[in-house]
Protein chains: 2
Amino acid sequence: MIMLKKIMLKKRGICTKTMNKSDLKLIAVLERTGGFASAQELHQILRREGDGIGLTTVYRALQSLVDDKIVDLLRREDGEAIYRLCGDTHHHHLVCKSCGDTVEIEGGAIEKWAKTMAEEFGFRDVGHTAEIFGICSKC
Amino acid sequence: MIMLKKIMLKKRGICTKTMNKSDLKLIAVLERTGGFASAQELHQILRREGDGIGLTTVYRALQSLVDDKIVDLLRREDGEAIYRLCGDTHHHHLVCKSCGDTVEIEGGAIEKWAKTMAEEFGFRDVGHTAEIFGICSKC
DNA sequence: TTGGAAATGATAATCATTTCCATTTTTGTG
DNA sequence: CACAAAAATGGAAATGATTATCATTTCCAA
């Protein structure tokens, strides 16, 4: 199955030459779950699936994927590091402050805004975060 | 001198009614140093100046200032929280992932987007967060 | 003055992340 | 295949920021 992943990565245009098994495992999980996940969460998912991978290895693999620009490193509000595959089309969230209900929404306007602003100030390699929170109709 | 600070705060349009001494001390330091500082750094500065304030109190004061939207909470690349006085207008940030340099930017597009999305899904009382991060021209 | 609420700060606990290091796995080579 | 060197692995301990606990102190209105 690792070979399968390698083929998928090639399709994505990612060079697998310098990757080891752990790197590929992490990529596989990130691919499957979509969106963001912290190192701890990724570790738990792998463990739950019967993989005996160690937490240290998860951190190491993520670090190397970030170095190779295969994975993006962001921060949750509390400072915890979260990771996602680069180039994923990502979505934003509309969160109810009362019941916690969450809706995934499109952010085309945001993408454009981020790009424009980054250009204006000479920033490159830009990413962004955006969230809307309020009270949903049920609450 | 606390009275002096209170006057300055009033000029800035900040209500001091709910503030205690620690809050004011933190505001004073942030005002003096400009820029960003972490809780640990702010604590050290105060200690160096002979103030016996405890680390716990520094964290508590900063938290309450953030809640009151008097202070902005951002993150350094390593996830450490850094604080600075808010400007008076609602703005967003363009942050350099490498050097931490920050530009305040306009977010008219975001305001509109947030409002539209909230309406579409029947949310009320909405607020939002949005940040752009990348590598600045100097780095 | 006094009683209770709020504030304070030392200490301990928590939690993500790193460091260390001994062990296992992989790889290249004859 | 054998085997040594290199790379990868993972458990345990260390680190460092942040938060929780709790006894003590300060503040303030009656």
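These numbers were taken from a predicted model, which means no experiment stands behind them.

Draft legend 1. Summary view of the protein's contact with DNA strand C. Taken together, 16 residues sit near DNA strand C, with Lys21, Tyr59 and Ala81 of chain A together with Ser22 and Arg60 of chain B positioned nearest. Counting only atoms of DNA strand C within 4 Å of the protein, the fraction found in sugar and phosphate groups is 67%. Residue Lys21 of chain A places a side-chain N or O atom 2.7 Å away from a phosphate oxygen belonging to DNA strand C. Taken together, the elements giving at least two residues each to the surface near DNA strand C come down to helix H4 (55-67) of chain A together with helix H4 (55-67) of chain B. By residue class, the composition of the surface near DNA strand C is 4 nonpolar, 8 polar and 4 charged.

Draft legend 2. Spotlight on the sheet that holds strand E3 (residues 81-85) of chain A. Residues and elements named next belong to chain A. The strand order E1-E3-E2 describes an open sheet built from 3 strands, whose pairing is antiparallel. For this open sheet the edge positions go to strand E1 (37-38) and strand E2 (71-75), each flanked by a neighbour on one side alone. Pairing analysis gives 2 bridges linking E1 to E3, with the strands arranged antiparallel. Note that in E3 the partner of Ala37 across the bridge is Tyr83. The strands touched by helix H2 (residues 21-33) are E2 and E3; relative to E3, the strand with the most contacts, the crossing angle is about 85°.

Draft legend 3. The sheet that holds strand E1 (residues 37-38) of chain B, seen in detail. Spatial ordering of the open sheet is given by E1-E3-E2 (chain B), a layout of 3 strands whose pairing is antiparallel. The open sheet has two edge strands, E1 and strand E2 (71-75) of chain B, and neither has a second partner.

Calculation rules
Residues numbered from 1 in each chain as written. Chains lettered and ligands numbered in written order. Predicted model: local features only at pLDDT ≥ 70, side-chain atom pairs only at ≥ 80, totals over all residues. Heavy atoms only, no water. Near = heavy atom within 4 Å. Polar contact = N/O pair within 3.5 Å; in protein donor to acceptor, adjacent residues only side chain to side chain. Helix = DSSP H or I, 4+ residues; strand = E, 2+ residues; numbered from the N terminus. Nonpolar A, V, L, I, M, F, W, Y, C, P; charged D, E, K, R; others polar. Pairing = 2+ DSSP bridges. Contact = heavy atoms within 4.5 Å. Axes fitted to C-alpha atoms, helices over the stretch in contact; angles between N-to-C directions.

Nothing here speaks to function; it is geometry throughout.
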